[in-house]
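Structural description and commentary
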Amino acid sequence: MKVLTVVGARPQFVKAAPVSRALRAAHEEILVHTGQHYDESMSAAFFRDLEIPAPDVNLEVGSGAHGVMTGEMLRRLEPVVLEHEPHGVLVYGDTNSTLAAAVVSSKVAYGGGRRPWLAHVEAGLRSFNRRMPEERNRVVADHLSDLLLAPTDGAMEHLAREGLGDRAELVGDVMVDAHAWAAERADDHLPAVARELDRFVLLTMHRAENVDDPSRLSAILSGLALELPVIFPVHPRTRAVLGATTRLPANVVPIDPVGYLEMVALEARAHAIATDSGGVQKEAYLVGVPCITLRSETEWVETVDAGWNRVVDADPGAVAAALADHEFMNATRPRPPLYGDGHAADRIIAALERLDARIRGTHPVQEATAS
Ligand code: UD1
Ligand code: UDP
């Protein structure tokens, strides 16, 4: 089986790492990087830390408005798919790279009307907030895909409700696989800034709805003026906004974005984590650190139901209140394995093999559905 994987942004490198490793044990993978993230600390650091093979192709699309970025990805990816003629294409998550790869794969046709199948890892997530670009990207990717690889029961239910249940499989969350692999290697990677501290809060923030809205951003930042130090690896989108307009509270220590092993080490040592990231909410749960989510809703509702995550929106008093809440900060409450057993990657490969056999075995060519 020949699979073309498309990644482009930081969380996709993390998700693809375990799947790529499992896939390459028995199959051929063409790894395409769209170039959506390109700074050393946003891209190369992840390939190094997670031991991901170098991309076979880098489309070098870089930053831009949604239409420009997505359009360039469509234009540059199509000839790559046509050149390699993979049996299938694998996409991850909900970024513009996901959207572009899903659109190209579902429309491209090889000789004889054959086309590649399309499989979506982390399918079925919904915030039910259509203002988020990620929500629009993931809905389109799900509806275009032949195989929906869902991380949770909740994701399976969303897919069933949208009429996609017969294409969906529950495989667990690949971020559990990635985290377990990294946790075994992260001990020596705690950044120097954290080594001297007994207690700190770890902060990440990059969502457009938070950092591109000055009043919301200043409300969130004012709520981070705490007694405790706050270590803040700053995403480049956020760096651009902070540099121009905003001052950080004195206890907030901004640092460059960190590599994955450093991040896993920071998360494990944090007293609490405040974040608007999707992946970081789950990682907080995996290491048993209370998480305060700086958004109005979350896709990862299981962490909230389990008592480990509090969604506080941009309420300036809510972070201090959460830290002072002994019940919430009690790190001994149960943590059932909400996101699977760390073998999602193996289940994904098995599901891809079944899909590929069905499409190429019983029907030697999959007819193009586009007219
Ligand atoms: C993207 C994803 C988001 C994901 C996040 C992970 C979309 C619509 N958004 O958001 O879902 O949670 O990645 O981090 O796909 N920049 C750099 N260097 C880089 C990358 C970005 O300086 O290596 C700066 C540029 O100014 C760029 C801005 O960050 O315009 C935003 O980057 P972009 O990829 O558009 O969106 P993210 O906020 O990173
Ligand atoms: N991450 C990292 N270094 C950082 C910030 C995040 O390694 O400085 C990792 C984090 O541990 C998680 C992933 O990047 O695995 C999440 O990416 P991000 O928050 O950018 O995107 P989201 O998950 O919100 O889409």
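Use the structure listed above.
Let us look at the structure shown here. (Residues numbered from 1 in each chain as written. Chains lettered and ligands numbered in written order. Predicted model: local features only at pLDDT ≥ 70, side-chain atom pairs only at ≥ 80, totals over all residues. Heavy atoms only, no water.)

To continue, consider the sheet that holds strand E5 (residues 117–121). Ordered by their spatial adjacency, 7 strands build an open sheet running E3-E2-E1-E4-E5-E6-E7, and the pairing between neighbours is parallel. What marks the edges here is a single partner per strand, and that holds for strand E3 (57–58) and strand E7 (168–170). The pairing of E5 with strand E6 (residues 147–150) spans 3 bridges and is parallel. Considered in E6, the bridge of His120 is made with Leu148. In the packing of helix H3 (residues 66–84) onto the sheet, contacts are made with strand E1 (2–7), strand E2 (28–33) and E3, and the angle to E1 comes to roughly 165 degrees. (Pairing = 2+ DSSP bridges. Helix = DSSP H or I, 4+ residues; strand = E, 2+ residues; numbered from the N terminus. Contact = heavy atoms within 4.5 Å. Axes fitted to C-alpha atoms, helices over the stretch in contact; angles between N-to-C directions.)

The next thing to look at is the packing of helix H1 (residues 10–24) against helix H7 (residues 174–183). Interhelical geometry of H1 versus H7 gives an angle of 85 degrees and a closest axis separation of 8 Å. Taken as axis vectors, H1 and H7 run roughly perpendicular relative to one another. Across from Val14, Lys15, Pro18, Val19 and Arg21 in H1, the residues of H7 making contact are Val174, Met175, Asp177, Ala178 and Trp181. (Parallel < 35°, antiparallel > 145°, perpendicular 65-115°, else oblique.)

When a strand is regular, its side chains alternate between the sheet's two faces. Burial along strand E11 (residues 272–275) is two-sided: the residues Ala272 and Ala274 and Ile273 and Thr275 are all buried. As defined by bridge partners, strand E8 (residues 201–204) adjoins E11 across 4 bridges and the pair is classed as parallel. Residue pairing for E11: Val201 is matched across the bridge by Ala272. Direction of pairing for E11 relative to strand E12 (residues 291–293): parallel, over a ladder of 3 bridges. (Buried < 20%, exposed > 50% of the residue type's maximum accessible area, 1.4 Å probe, protein only.)

General note: in soluble globular proteins, nonpolar side chains tend to be found buried as a group. Judged by nonpolar contacts, the single largest core of 57 residues is most densely connected at Leu90, Leu149 and Leu352. Considering every element that reaches this core, the biggest residue donor is helix H17 (residues 344–362), with 8 residues. Discounting residues that sit within four places of it in the chain, Leu149 has contacts with Leu90, Ala119, His120, Val121, Glu122, Ala123, Glu169, Val171, Ile348, Ala351 and Leu352. Within the second largest apolar cluster, 28 residues are counted, among which are Leu217, Leu228, Val252 and Ala318. (Core = buried A, V, L, I, M, F, W, Y, C linked by side-chain atoms within 4.5 Å.)

Most of E1 sits out of view: 6 of its 6 residues are buried. Neither face of E1 is open: one carries Lys2, Leu4 and Val6, the other Val3, Thr5 and Val7, and all of them are buried. One ladder, built from 6 bridges, connects E1 with E2; its direction is parallel. Bridge assignment links Val3 to a residue of E2, and that residue is Glu29. Where the polypeptide runs from E1 across H1 and back to E2, its parallel neighbour, the crossover connection is right-handed. Of the strand pairs in this sheet, E1 and strand E4 (residues 88–92) are connected by 4 bridges, and their pairing is parallel. In the sheet register, Val3 faces E4, and the bridge partner there is Gly88. (Right-handed = clockwise from strand over helix to strand, strands pointing away.)

Another point: the site of ligand 2. If you check the shell around ligand 2, you find 19 residues, and the closest are Arg10, Arg207, Val258, Ser277 and Glu283. A distance of 2.9 Å separates an oxygen atom of ligand 2 from a polar atom in the side chain of Arg10. In the complex, the protein chains occlude 96% of the 530 Å² of accessible area that ligand 2 would expose alone. Listed by contribution, the elements that provide at least two residues to the shell around ligand 2 are H1, helix H12 (260–269) and helix H13 (278–287). Looking at the shell around ligand 2 element by element, the count peaks at 4 residues for H13. The residue inventory of the shell around ligand 2, partitioned by class, reads 10 nonpolar, 5 polar and 4 charged. (Near = heavy atom within 4 Å. Polar contact = N/O pair within 3.5 Å; in protein donor to acceptor, adjacent residues only side chain to side chain. Areas by Shrake-Rupley, 256 points an atom, 1.4 Å probe, with all protein chains shown as cover. Nonpolar A, V, L, I, M, F, W, Y, C, P; charged D, E, K, R; others polar.)

Scanning the entire structure with this criterion turns up 1 cavity of 30 Å³ or more. In this structure, the largest cavity occupies an estimated 40 Å³ of space. Every residue along the wall of the largest cavity is listed here: Val121, Glu122, Leu149, Ala150, Pro151, Gly172, Asp173 and Val174. Residue composition of the lining of the largest cavity, by class: 5 nonpolar, 1 polar and 2 charged. (1 Å grid on protein atoms, 1.4 Å probe; cavity = no way out; pocket = protein on both sides within 12 Å on 5 of 7 lines; lining within 4 Å. Points joined across faces, edges and corners; volume = space filled by probe spheres on them.)

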